[in-house]
Amino acid sequence: MWEYTDKVRDHFFNPRNVGEIEDPDGVGEVGSLACGDALRLTFKLDENGRIADAKFKTFGCASAIATSSVLTEMIRGMTLEEAAKVTNKDIADYLGGLPEQKMHCSVMGREALEAAIDNFKGGGAKKHELEGNIVCTCFGVTDSEIERVIRENDLTTVEQVTNYCKAGGGCGGCQGEIEKIIEKVRGDKIKEQPAPTPGRAGKLTNIQKIQLIQQTINEQIRPALRADGGNIELIDIEGNKVIVAFRGMCAQCQLAEFTMRDVVEAKLREFVSPDLVVEEQNEPDAQA
Ligand code: FES
């Protein structure tokens, strides 16, 4: 049983603006009955170029009906430029949230709106074209769409991507590709973020120091190791001693000692404190 907000229930039991506008200015159709959800959105503009009326027809679950209904309310009175900025997160937020497994309904609403705007801009003749290359053939989802839901919703796992756009939820053959897109977006975000300020440990509490060490590992060290098929895990912190374990390719690498000193320790000293010493966790049989 899904946990729905009162607003979702209200829009499901009393959907607004159901139907189709006669002689619409824009028509957007997305999804397919074979995939379990389909939405047809129509709108009419007023003389000032604002959306005067919007209606929908939806085939799908309670969330699909509620998101379609609330979308028609949200966009009334908007210009097309304003409507084009509506994200799936805006739609879900307007409903007070959706179960994560149902977030793909909010994405379907945003896609239908974009398709309807494209249809208007194309003089009614242009079919909404998917941007990018198809990654998930089971559900016809492109790399651009996957990247977009990851960025707009801060997703970090393949399972989340499946919840938001269905990609990966069929045969599973595209999951490796989705993983790569997640890594790419994560890499981009790290580049966009200001780097941690070097040498702040003196002003940090213990908790802040631990967080900064973890942040430095996540943002400065792990991406470099992952590029070579390796990984690193923070095991413990004892005073200025940071204990880590290498995983993946790094665990068997002949250059592990070099990586430890010249990458891990150097970055932690640069971004956290020059007093830090990094040690690799002993293997259980080495400890015995
Ligand atoms: S190709 Fe994506 S789930 Fe099958």
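Computed from a predicted structure; not experimentally measured.

## A closer look at the overall build of the chain
- In terms of regular secondary structure, the chain is built from 12 helices and eight strands.
- Here the chain, with 288 residues, has 42% of them falling under the buried criterion.
- Taking the contacts inside the chain whose residues are at least 6 apart along the sequence as the reference set, 56% of them involve residues at least 24 apart.

## Looking at the environment of Gly 229
- Within the secondary structure layout, Gly 229 lies in the loop between helix 9 (206-226) and strand 6 (230-238).
- Classification of Gly 229 as partly exposed rests on a relative accessible area of 42%.
- For the pair formed by Gly 229 and Met 249, sequence separation is 20 residues and the distance between their alpha carbons is 5.4 Å.
- Those residues in contact with Gly 229 that sit more than four places away from it in its chain are Gly 248 and Met 249.

## A look at the packing of aromatic side chains
- Under the definition given, this model contains two aromatic pairs.
- With centroids separated by 5.1 Å and ring planes inclined at 50°, the aromatic side chains of Phe 12 and Phe 13 adopt a geometry described as tilted.
- With 6.4 Å between their ring centres and 50° between their planes, Phe 43 and Phe 120 make a pair best called tilted. You can see Phe 43 sitting in strand 2 (residues 37-45) and its partner Phe 120 sitting in helix 5 (residues 103-121), a full 77 residues away along the chain.
- When the ring centre of Tyr 94 is taken as origin, the NZ or CZ atom of Lys 7, which lies over that ring, is 4.4 Å away.

## Focus on the pattern of salt bridges
- The tally for this structure, following the rule as stated, stands at 25 salt bridges.
- Taking the shortest distance from any N to any O, the salt bridge between Glu 114 and Arg 110 comes out at 3.7 Å. With Glu 114 and Arg 110 both in helix 5 and four residues apart, this pair spans about one turn of that helix.
- Take Arg 110: its relative accessible area is 0%, and that puts it in the buried class.
- The structure contains a network of salt bridges with shared partners spanning Arg 110, Glu 114, Glu 145, Arg 148 and Glu 152.

## Points about the pairing of strand 6
- As judged from the eight bridges shared by strand 6 and strand 7 (residues 241-248), these two strands associate in the antiparallel manner. Bridging from a neighbouring strand, Leu 234 pairs with Val 244 of strand 7.
- Joining the antiparallel neighbours strand 6 and strand 7 is a turn of two residues, in which Gly 239 adopts a positive phi near 60°.

## Regarding helix 2 (residues 62-75)
- In this model, helix 2 (14 residues) spans 20 Å end to end at C-alpha, consistent with the 20 Å of a helix rising 1.5 Å per residue.
- Counting buried positions along helix 2 gives 13 out of 14 residues, so the element sits mostly inside the fold.

## Remarks on the packing of helix 5 against helix 6 (residues 143-153)
- Helix 6 packs onto helix 5 with a crossing angle of 115° between their chain directions and a minimal axis gap of 12 Å. In this structure, the crossing between helix 5 and helix 6 has a hand that is right-handed. Where helix 5 approaches helix 6, its residues Met 103, Val 107, Arg 110, Glu 111 and Glu 114 are matched on the opposing element by Glu 145, Arg 148, Val 149, Glu 152 and Asn 153.
- Per-class residue counts for the contact of helix 5 with helix 6 are three nonpolar, one polar and six charged.

Conventions adopted
- Residues numbered from 1 in each chain as written.
- Predicted model: local features only at pLDDT ≥ 70, side-chain atom pairs only at ≥ 80, totals over all residues.
- Heavy atoms only, no water.
- Helix = DSSP H or I, 4+ residues; strand = E, 2+ residues; numbered from the N terminus.
- Buried < 20%, exposed > 50% of the residue type's maximum accessible area, 1.4 Å probe, protein only.
- Contact = heavy atoms within 4.5 Å.
- Phe/Tyr/Trp six-rings, centres within 6.5 Å; stacked < 30°, edge-to-face > 60°.
- Lys NZ or Arg CZ within 6 Å of the ring centre and 35° of its normal.
- Salt bridge = Lys/Arg side-chain N within 4 Å of Asp/Glu carboxyl O.
- Pairing = 2+ DSSP bridges.
- Expected span 1.5 Å × (residues − 1).
- Axes fitted to C-alpha atoms, helices over the stretch in contact; angles between N-to-C directions.
- Left-handed = near helix turned anticlockwise from the far one by under 90°.
- Nonpolar A, V, L, I, M, F, W, Y, C, P; charged D, E, K, R; others polar.

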